Amino acid sequence: MARWCYRHRLVVLLLWVGALVGVGFSASAAGTNYANVFSLPDTDSKTAYDLMQKAFPNTSGDTDTVVWKVDSGSVTDQAVKDRVGPALDRIAKLPGVGAVTSPYAGARGAAQISKDGRIAYAQLTFTKRANEIPKEQVQQVLDTAQGAERAGLQVELGGQAIQRVQEPPQGLSEMVGIIAAAVVLFLAFGSFFAMTLPIAIAVFGVGMGLFSTQLLSHTTDIPDIAPLLASLIGLGVGIDYALFIVTRHRRGILRGMDPEESAVTALNTSGRAVLFAGGTVCIALAGMLVTRLHFLDGVVIGTSLTVVLSVLAATTLLPALLGFLGPRVLSRRQRRRLAAEGPEPEKASGLAARWSANVEKRPRRIAALAVVVMAVLAVPVLSLRLGATDQGNDDASTTTRKAYDLLAEGFGPGFNGPLQVVSVGGDTGKLVQGLRSTPGVAQVAELPPSRGVTVIQVVPTTSPQSKETDDLIDTLRDRVIPAAGAEAHVGGVTAVSKDFASVTGDRLPLFIGTIIALGFLLLLVAFRSLVVPLTAAVMNLIAAAASFGVLVAVFQWGWGLDLLGLGKEGPINAFLPVIMLSLLFGLSMDYQVFLVSRMHEEWVHTKDNARAVRVGLAETSRVINSAALIMVCVFLAFVLSGDSGAAMAGVGLAAAVALDAFILRTALVPAAMHLLGRSNWWLPAWLDKRLPHLAVEPQEPAAAPQPAAPGGPATAIHGFVRTPGGDPVAAASVTVMSKGGRRLDRVTSLADGSYIVSVPAPGAYLLAVTSSSYGSKARHVTVAEGPVVYDVELTGDEVDAVN
């Protein structure tokens, strides 16, 4: 497939461009129809809503507010009434509006005017819930109300329906993330053309995913946060997957391969790993379905679709773009050096090799330090409180945020999240008295009954997202209502948010168990080991705890919120743990597969655990850290999205990826694998026979193997090339020859001085080592059953030859 895409690159590019333009045009013509569906059966708030819908079919919908404030005088002045009153009358006649309760209507309306007379509000009750109201109808209400503004008269609107028509600034966070990723890519590649490849793949994948999700919103319930999360994860994985493939392709060209063969090899190796990694991300996202929270179904659809399209772009469009660039995927300096000096040997960078050797020397110290850092960061998670942020966290320029602040100023913070106590039996009068005498209740208003149902509006003294309001809801349900002998249920947006958080918290252990078990099985099959997947499961839990600790410290404790410009501290969004754990699981699986697959390849070849871990870390840490840095930049950019949910997800995922890549995969995982030794690769024989064989990333095609000698199967010689002082000798040429002088294998030592050469069978061989700086040496080496460890010491410029 890669070869076909490479050779028919113009066709592939035109197909992708045509698909993107076609889907984009269709999505623009159809518009959006996102819906936040909180289906919470068997909860108290859902029962309250059902009773209200039955008794008040025209007033059981979303209740929003129109708030106005005068700079001088009073809202009861005739000039103010003449402007606001007719606007409210026009709103009452608009489609979708069930009722308008004006402060100018009789004695009851006086309660809707603040004590100082400068702020008043009217209640708008829609005929449907916020997610079911067409945006056009809500926009009509917004335009009509704000048409009453004049100098000295401020009019703002708040509520769930109004918030739906206030889309956060689109494109800013994505653009900042792309620019930051481009800088990292340019520093990593040193080539403008190579830098643009991952960006182009991410743009095509995310663009197709967002347009497709927008079209699907007309056929199924997709929440309005789904496209933000889809673009967040799509940009991250799209750039990272292309980075893995382009890195392998560039390495192939530098080693002397033809550009077409290098591209095909890159897709057949790293491309397979990308397919596996994308599949694990989608499976992790699908794990959200076990929570049976229908609000998350649309998130699964949007994010999974974007990941699938990003993988498809990386495996089809990318080889076509590589065909257009040819050798220009390298920097000019690399092309000149390749032409002058020929292919360069493959070796790990000096810093990566030195760090890998350091981890091998001090695994206990490094593991202990990493555990301490992660434990300290995880401490705040002990005070994690799930809930829902309110419109006090909206952008300061939005009308919902301004309405929220005006209501809090005029009537107290609890006015922004009133509770609705719906009574269907018992002594209602006693219930009202009990509500009024309850600490934490600011106001109680009993509405006229209808069809045996009485609605009592309760205004708390605290804001909707505060812990005291949650405690008040529990008090009403557990003590006040039973004490009054009434049959009543507590509803309203604040109660729904609390119930959603409770249901999510109850189902979270099942969800975590499901994705951990799933990851264990995938890695068990991939690496044929019980310890490797068990280590990965523990690391995932550590990363999750530490990243949620950072999230609690920032958004719940308020550390650094002023720098982020995201309002005041509050609870963590109830849906965030499920979404974050899904994404974290999928992304950490990417890094685990990329790191351990190289270690596993070395282990299969040498059966030397220390070498396998050392070489695997030295050769993969740079690309893993580059990929993680790109993801961190992309995720942090979503703080600029204007959406508090997306900002929380961005900060949480950025912390999770940074901790996972820079501490866990670079330090704790290799240190633990050094300490565990050969047991890393233990698997019972009976289980090995029953597991299917899965090659995550096959080895690159090598030279044709020499025929095996009669002595037995192929084996290897490996070790280090060092100076008398113990310093590693990098880039030394290591050649193994038969007794007759025929060359069997030739490699170049890595930055840490390590090498490995293959021999066809047990027997006697000649090992020759040459370095331009330290001279040459040759020795006879006898190979028995299994690999042989043989270290070589180069002593200077003398030539030590064996006849």
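This is a predicted model, so every value here is computed, not measured.

Draft legend 1. Main features of unusual backbone geometry. Phi is positive for Arg-528, close to 50°, though the residue is something other than glycine. One can find Arg-528 in the loop between helix H18 (493-527) and helix H19 (531-556). For Ala-731, which is not a glycine, the phi torsion comes out positive at approximately 65°. Mapped onto the fold, Ala-731 is located in the loop between strand S11 (715-722) and strand S12 (733-737).

Draft legend 2. A nonpolar patch on the surface, seen in detail. A cluster of nonpolar residues, Met-175, Ile-179, Val-183, Phe-186, Leu-187, Phe-192 and Phe-193, forms a patch on the protein surface that exposes about 730 Å² of accessible area. Those elements that provide at least two residues to the nonpolar patch are helix H7 (172-189) and helix H8 (192-216). Take the nonpolar patch: its biggest share by element is 5 residues, from H7. Along the polypeptide, Ile-179 turns up in helix H7.

Draft legend 3. Inspection of empty space enclosed by the protein at higher detail. Counted under the stated rule, the structure contains 5 cavities of 30 Å³ or more. Taken as a whole, the largest cavity holds about 80 Å³ of empty space. In terms of lining, the largest cavity is formed by Ile-512, Ile-515, Ile-516, Asn-540, Leu-541, Ala-544, Leu-581, Leu-584 and Phe-585. Of all the secondary-structure elements, those providing two or more residues to the lining of the largest cavity are H18, H19 and helix H21 (576-606). Per-class residue counts for the lining of the largest cavity are 8 nonpolar, 1 polar and no charged.

Draft legend 4. Just the nonpolar core, in detail. Tyr-241, Met-288, Tyr-591 and Phe-635 are the most contacted members of the largest nonpolar core, which totals 152 residues. By residue number, the principal contributor to this core is helix H23 (residues 644-676), which donates 18 residues. Those residues in contact with Tyr-241, other than ones at most four positions away along the chain, are Val-274, Ala-277, Gly-278, Val-281, Val-311, Ala-314 and Asp-590.

Draft legend 5. Structural context of the side chain of Thr-428. Tracing the backbone through its elements, the reader meets Thr-428 in helix H16 (residues 428-436). Setting aside anything within four residues of it in sequence, one finds Thr-428 in contact with Ser-423, Glu-446, Thr-454 and Ile-456.

Draft legend 6. Structural view of the state of the cysteines. Scanning all chains against the criterion turns up 0 disulfides. Take Cys-5: it sits in no disulfide, and the sulfur closest to it among the cysteines is that of Cys-282, at 20 Å. By relative accessible area, which is 4% here, Cys-5 ends up buried. Relative accessible area serves as the criterion here: at 17%, Cys-282 is assigned to the buried category.

Draft legend 7. Region of the structure containing the confidence of the model for the chain. Overall, the predicted model of the chain reaches an average pLDDT of 84, with 92% of residues at or above 70. The element-level mean pLDDT for the chain is lowest in strand S19 (residues 799-800), coming to 44, with helix H14 (residues 363-378) highest at 95. Predicted confidence is poor over residues 798-803, with pLDDT under 50, and the contacts of this stretch with residues over four places away or in other chains come to 11 contacts.

Draft legend 8. Expanded view of the pattern of salt bridges. Applying the stated rule across the entire model yields 15 salt bridges. Residue Asp-50 pairs with Lys-46 through a salt bridge whose shortest N-O separation is 3.1 Å. In this pair, Asp-50 and Lys-46 are both assigned in helix H3 (residues 44-55), 4 residues apart and thus about one turn of the helix distant. Taking relative accessible area as the criterion, Lys-46 reaches 25% and is therefore assigned partly exposed. Of the charged contacts, one joins Arg-477 and Asp-499 as a salt bridge, the two residues approaching to 2.9 Å between their closest N and O atoms. Residue Arg-477 is found in helix H17 (residues 467-484), and its partner Asp-499 is found in helix H18; the two are separated by 22 residues along the sequence. Like Arg-477, the residue Asp-499 is buried in the burial classification. Residues participating in the shared-partner salt-bridge network are Arg-3, Arg-7, Glu-260 and Glu-261.

Thresholds, definitions, all that
Residues numbered from 1 in each chain as written. Predicted model: local features only at pLDDT ≥ 70, side-chain atom pairs only at ≥ 80, totals over all residues. Heavy atoms only, no water. Helix = DSSP H or I, 4+ residues; strand = E, 2+ residues; numbered from the N terminus. Patch = residues over 30% accessible without salt bridge, like charges linked within 9 Å, V, L, I, M, F, W, Y side chains within 5 Å. Areas by Shrake-Rupley, 256 points an atom, 1.4 Å probe, with all protein chains shown as cover. Salt bridge = Lys/Arg side-chain N within 4 Å of Asp/Glu carboxyl O. 1 Å grid on protein atoms, 1.4 Å probe; cavity = no way out; pocket = protein on both sides within 12 Å on 5 of 7 lines; lining within 4 Å. Points joined across faces, edges and corners; volume = space filled by probe spheres on them. Nonpolar A, V, L, I, M, F, W, Y, C, P; charged D, E, K, R; others polar. Core = buried A, V, L, I, M, F, W, Y, C linked by side-chain atoms within 4.5 Å. Buried < 20%, exposed > 50% of the residue type's maximum accessible area, 1.4 Å probe, protein only. Contact = heavy atoms within 4.5 Å. Disulfide = S-S within 2.5 Å. pLDDT = per-residue confidence, 0-100.

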